[in-house]
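# Chains, contacts and geometry: an overview
Given next are the chains, with one letter for each unit.
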Amino acid sequence: MRRPMVAGNWKMHGTRASVAELIEGLANLALPGGVVDVAVFPPSLHVSLVVDCLEGQSISVGAQNCAHQAGQGALTGEVSSTQLADAGCKFVLVGHSERRQIMGESNEVLNRKFEAVQAAGLTPILCIGETLEERKAGKTLEVVGQQLDSIIEELGIGAFVNAVVAYEPVWAIGTGLTASPEQAQEVHAAIRAQLMKENSEVAQGVRLLYGGSVKAANAVELFGMPDIDGGLIGGASLNADEFGAIIRAAGN
Ligand code: 13P
């Protein structure tokens with residue numbers, strides 16, 4: 001039985017003041033005890049602040065990105081997975097579409113980041129998804145399959161024992177357009193089937209999150225699908241009450 005997970009990607013949002021306010025809101029939420037894993041992903045700058053403020057709460061902290069190598073070194077401007085672990089992070093997002101598309105991160109770079117995250121003892125959340133153009137061209141499963149295959153080929157199926165996968169159709173991110181539960185389930189089932197070909201036990205254990213305009217209003221239906229094990233939430237995670245309602249939806 002996979003335990004649901006709800007993750008809030010804050011992207012490049014927040015000031016020290018607004019982060020403190022959001023955390024206070026999160027700390028006051030009545031969350032379902034022990035049935036949903038909850039994590040928030042502040043900008044790297046605010047990771048330590050959030051870790052400190054959430055001490056004693058059952059909410060983990062993750063980072064949105066890390067350097068392609070673990071440890072320390074001469075990499076100006078980068079933050080390594082080792083440093084994030086030291087700061088109290090448990091997860092790192094790898095391959096969010098905004099990094100693939102805007103920062104030009106290739107599958108090759110993302111393979112190394114995924115490996116660096118695990119090398120530091122953290123759990124990568126691999127984000128994959130197709131653009132609207134690719135969906136319209138009927139290439140959704142091919143594109144998502146290639147993004148997933150890149151990790152399988154490079155690091156082996158064993159790498160998914162300690163990993164989460166997030167399917168985020170690019171056209172649904174920040175647009176208010178959500179994949180229907182059926183559309184999302186179709187892709188999630190294909191992702192699991194692809195992992196299943198390598199190792200069924202690993203495939204059954206991997207949590208597959210859906211991301212893309214998830215709100216309290218659509219979360220119950222999405223999370224009700226058999227291969228959707230929770231969500232990666234952007235905009236709605238910046239509102240504690242809305243995020244709390246999404247977490248409760250995952251717990252039901
Ligand atoms: P939205 O929920 O704002 O569409 O963002 C989804 C996302 O990109 C989470 O990583």
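Residues numbered from 1 in each chain as written. Predicted model: local features only at pLDDT ≥ 70, side-chain atom pairs only at ≥ 80, totals over all residues. Heavy atoms only, no water.

Per an unreviewed UniProt entry, the recorded name for the protein is Triosephosphate isomerase, and the organism is Pseudomonas graminis. A UniProt comment under Sequence similarities (unreviewed entry) is attached to the protein, and it reads "Belongs to the triosephosphate isomerase family." The Catalytic activity (unreviewed entry) comment attached to the protein in UniProt states, word for word, "D-glyceraldehyde 3-phosphate = dihydroxyacetone phosphate". (UniProt positions renumbered as here; feature names shortened; annotations may be inferred.)

## Considerations on the packing of helix H7 (residues 140-155) against helix H8 (residues 181-196)
The N-to-C vectors of H7 and H8 enclose an angle of 35°; their axes lie 10 Å apart at closest approach. Along this stretch, H7 crosses H8, giving a crossing that reads as right-handed. Here Thr-140, Leu-141, Val-144, Gly-145, Leu-148, Asp-149 and Ile-152 of H7 lie close against H8, whose contacting residues are Glu-186, Val-187, Ala-190, Ile-191, Gln-194 and Leu-195. Its residues placed into classes, the contact of H7 with H8 shows eight nonpolar, three polar and two charged. (Axes fitted to C-alpha atoms, helices over the stretch in contact; angles between N-to-C directions. Helix = DSSP H or I, 4+ residues; strand = E, 2+ residues; numbered from the N terminus. Left-handed = near helix turned anticlockwise from the far one by under 90°. Contact = heavy atoms within 4.5 Å. Nonpolar A, V, L, I, M, F, W, Y, C, P; charged D, E, K, R; others polar.)

## What about the packing of aromatic side chains?
In the structure shown here, the tally under the stated rule is three aromatic pairs. Ring centres of Phe-41 and Phe-91 lie 6.4 Å apart, and the angle between their planes is 50°; this geometry places the pair in the tilted category. With Phe-41 in strand S2 (residues 37-41) and Phe-91 in strand S4 (residues 91-94), this pair connects stretches of sequence that are 50 residues apart. This pair shows no difference in class: Phe-41 is buried, exactly as Phe-91 is. (Phe/Tyr/Trp six-rings, centres within 6.5 Å; stacked < 30°, edge-to-face > 60°. Buried < 20%, exposed > 50% of the residue type's maximum accessible area, 1.4 Å probe, protein only.)

## Examining the site of the ligand
Taken together, Asn-9, Lys-11, His-96, Glu-168, Ala-172, Ile-173, Gly-174, Gly-212, Ser-213, Leu-232, Gly-234 and Gly-235 form the complete shell of residues around the ligand. A distance of 2.9 Å separates an oxygen atom of the ligand from a polar atom in the backbone of Gly-234. Of the residues contributing to the shell around the ligand, the split by class is three nonpolar, seven polar and two charged. (Near = heavy atom within 4 Å. Polar contact = N/O pair within 3.5 Å; in protein donor to acceptor, adjacent residues only side chain to side chain.)

## Focus on the sheet that holds strand S1 (residues 5-9)
Strand pairs in the sheet, formed through backbone hydrogen bonds, run parallel or antiparallel to each other. Pairing is parallel in the closed barrel, where eight strands are placed in the order S1-S2-S3-S4-S5-S6-S7-S8. Averaged over all adjacent pairs, the angle separating strand axes in this sheet is 25°, with direction ignored. Direction of pairing for strand S6 (residues 164-167) relative to strand S7 (residues 207-211): parallel, over a ladder of four bridges. Counted as the bridge partner of Val-164 is Arg-207 from S7. On the sheet, H8 packs against strand S5 (123-128), S6 and S7 and is oriented at approximately 150° with respect to S7. (Pairing = 2+ DSSP bridges.)

## Notes on the UniProt feature "binding site: substrate" (unreviewed entry) in the protein
Per the UniProt record, "binding site: substrate" (unreviewed entry) is annotated on Asn-9, Trp-10, Lys-11, Gly-174, Ser-213, Gly-234 and Gly-235. Sequence-wise these annotated residues cover 227 residues; spatially they are packed, their C-alpha atoms never more than 13.8 Å apart. Within the secondary structure, Asn-9 is located in strand S1. Residue classification places Asn-9 among the buried residues on the basis of a relative accessible area of 4%. Residues within four places of Asn-9 in sequence aside, it is in contact with Phe-41, Gln-64, Leu-93, His-96, Leu-232, Ile-233, Gly-234 and Ser-237. Engagement of the side chain of Asn-9 in a polar contact is seen with the backbone nitrogen of Lys-11, the distance being 2.9 Å. Every residue in contact with Lys-11, bar those within four places of it in the chain, is listed here: Phe-41, Pro-43, Gln-64, His-96, Glu-98, Ile-173 and Gly-234.

## Section: the nonpolar core
In terms of nonpolar packing, the biggest core is built from 64 residues, with Phe-160, Ile-191 and Phe-223 touching the most fellow members. With six residues, helix H11 (residues 240-251) is the largest single contributor of residues to this core. Here Phe-160 is in contact with Leu-126, Leu-148, Ile-151, Ile-152, Val-165, Leu-195, Val-202 and Val-206, once residues within four sequence places are set aside. Judged by nonpolar contacts, the second largest core, of twelve residues, contains Phe-41, Val-164, Leu-209 and Leu-232. (Core = buried A, V, L, I, M, F, W, Y, C linked by side-chain atoms within 4.5 Å.)

## A word on a negative patch on the surface
Together, Glu-108, Glu-115, Glu-153, Glu-154 and Glu-198 give the surface a local cluster of negative charge. Of all elements in the fold, only helix H5 (107-119) and H7 reach the threshold of two or more residues within the negative patch. Turning to its location among the elements, Glu-108 is positioned in helix H5. The class of Glu-108 is exposed, set by a relative accessible area of 55%. (Patch = residues over 30% accessible without salt bridge, like charges linked within 9 Å, V, L, I, M, F, W, Y side chains within 5 Å. Areas by Shrake-Rupley, 256 points an atom, 1.4 Å probe, with all protein chains shown as cover. Salt bridge = Lys/Arg side-chain N within 4 Å of Asp/Glu carboxyl O. Lys, Arg positive; Asp, Glu negative; His and termini not counted. Charge placed at Lys NZ, Arg CZ, Asp CG, Glu CD.)

## Digging into helix H1 (residues 16-27)
An ideal rise of 1.5 Å per residue puts 16 Å on twelve residues; H1 measures up with 16 Å between its terminal C-alpha atoms. Three or more residues of H1 are buried, namely Val-19, Leu-22, Ile-23 and Leu-26. Taken around the axis of H1, the buried residues stretch over an arc of 100°, which confines them to a single face. In H1, the exposed residues that point more than 90 degrees away from the buried face are Ala-17, Glu-21 and Glu-24. (Expected span 1.5 Å × (residues − 1). Arc of directions from axis to C-beta.)

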